[in-house]
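Topology and contacts: notes
One-letter residues, chain by chain:
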Amino acid sequence: MTNSPAATPDSTPLFAVKQFAGRRGPTPQQDRAARTKSQVLTAAAELFAANGFRHTSVKDVAERVEMTKGAVYFHYPSKEALAVAVVEHLYAKWPTLLADIRARGLTALDTAAAMLDQAALAFRDDIVVQAGARLQLERPHIEAELPPPYVDWTLLLTDLLADAQRDGQIKECVDPAAAARALVAGFFGMQHISDVLEHRADIVNRWQEVRDLLFDAIRA
Ligand SMILES: CCC[C@@H]1OCC(CO)=C1C(=O)O
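Each residue is numbered by its place in its chain's sequence as written, counting from 1. Residue-level local features of this predicted model are given only where pLDDT is at least 70; pairs of side-chain atoms are given and counted only at 80 or more, and the full residue set underlies all totals for whole chains, interfaces and linings. With hydrogens and water stripped out, all remaining heavy atoms of the structure feed into the side-chain values.

1. Remarks on the pattern of salt bridges
- Salt bridge, as used here: a side-chain nitrogen of Lys or Arg that lies within 4 Å of a carboxyl oxygen of Asp or Glu. Taken as a whole, this structure holds 12 salt bridges when the rule is applied.
- Measuring nitrogen to oxygen at the nearest pair gives 2.6 Å for the salt bridge that ties Arg-64 to Glu-46. In this pair, Arg-64 is assigned in helix α3 (residues 58-64) and Glu-46 in helix α2 (residues 28-51), connecting sequence segments 18 residues apart.
- Throughout this description, buried means an accessible area under 20% of the type-specific maximum (1.4 Å probe, protein chains only), exposed means over 50%, and partly exposed covers the range between. Arg-64 sits in the partly exposed class, given a relative accessible area of 48%.
- The partly exposed category is assigned to Glu-46, whose relative accessible area is 28%.
- Salt bridges sharing partners connect three or more residues here, namely Asp-117, Arg-211 and Asp-212. Put simply, DSSP H or I for four residues or longer makes a helix, DSSP E for two residues or longer makes a strand, and each gets a number counted from the N terminus.

2. Observations concerning empty space enclosed by the protein
- Using a grid of 1 Å spacing that covers the protein atoms alone, one calls a set of points a cavity when a 1.4 Å probe fits there but cannot get out, and a pocket when the set is open and has protein on both sides within 12 Å along at least five of seven lines; lining residues are those with an atom within 4 Å of a point. Grid points are joined across faces, edges and corners, and a volume is the space filled by probe spheres set on the points. Applying the stated criterion across every chain, the model contains 1 cavity of 30 Å³ or more.
- In this structure, the largest cavity spans a volume of roughly 260 Å³.
- What lines the largest cavity is a set of 18 residues, and nearest its centre among them are Phe-123, Tyr-150, Trp-153, Phe-187 and Phe-188.
- Classes in brief: Ala, Val, Leu, Ile, Met, Phe, Trp, Tyr, Cys and Pro nonpolar; Asp, Glu, Lys and Arg charged; the others, Gly included, polar. Taken together, the residues of the lining of the largest cavity break down into 15 nonpolar, 3 polar and no charged.

3. Some words on the UniProt feature "domain: HTH tetR-type" (unreviewed entry) in the protein
- Those places that UniProt annotates as "domain: HTH tetR-type" (unreviewed entry) correspond, in this numbering, to residues 34-94.
- The distance from the first to the last C-alpha atom of residues 34-94 is 22 Å, and the span holds 79% helix and 0% strand. UniProt positions are given in the numbering used here, feature names are shortened, and annotations may be inferred rather than shown by experiment.

Below you can see the structure in the form of structure tokens.
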């Protein structure tokens, strides 16, 4: 026990709490917990991407990060919760990407193309994106409410293509919503074929083929 002023229930000296209470950032303990949670999520993504949901156990995740199962359960109460978190982290990447691209001041049509170009790189390089895509395919085997796939991309591209049409960038005869659905379907199918045949090593070239064909078809 400390001899300093009255300690808090967990024996942390009150003044220490006061120091931390005034801090803007997290405490060292909170920092450590956040880092551990991130390590667990990354390990789960690596295993889900490589082996799929059914052939991954919480034990596998714990062993990968050299923690006990209990320590993993402290952060994620089930394997299903890990799957939901991975898919949520996948979708959380796109608003940040959109903000970065919008900061470039591109036209609406070029913003749509740049978003999908960057998404292709993310599917090639980001294990959370790769794991999220595989989990979405395995939805029927995951007893949890995963975020709906494809919807957000379709809404975003519909808005961007409507703006592009208003700006005279795409043909008047094009239905922005239909074109958005075609782009999402084209991208989804392209990245899946690239994954199956080449583990996404050729995704950039495959996406450029699809992109050039579809964007040329709608461009004014
Ligand atoms: C950008 C096209 C849609 C995208 O492609 C793979 C995948 C994974 O489920 C997607 C999604 O859920 O939005």
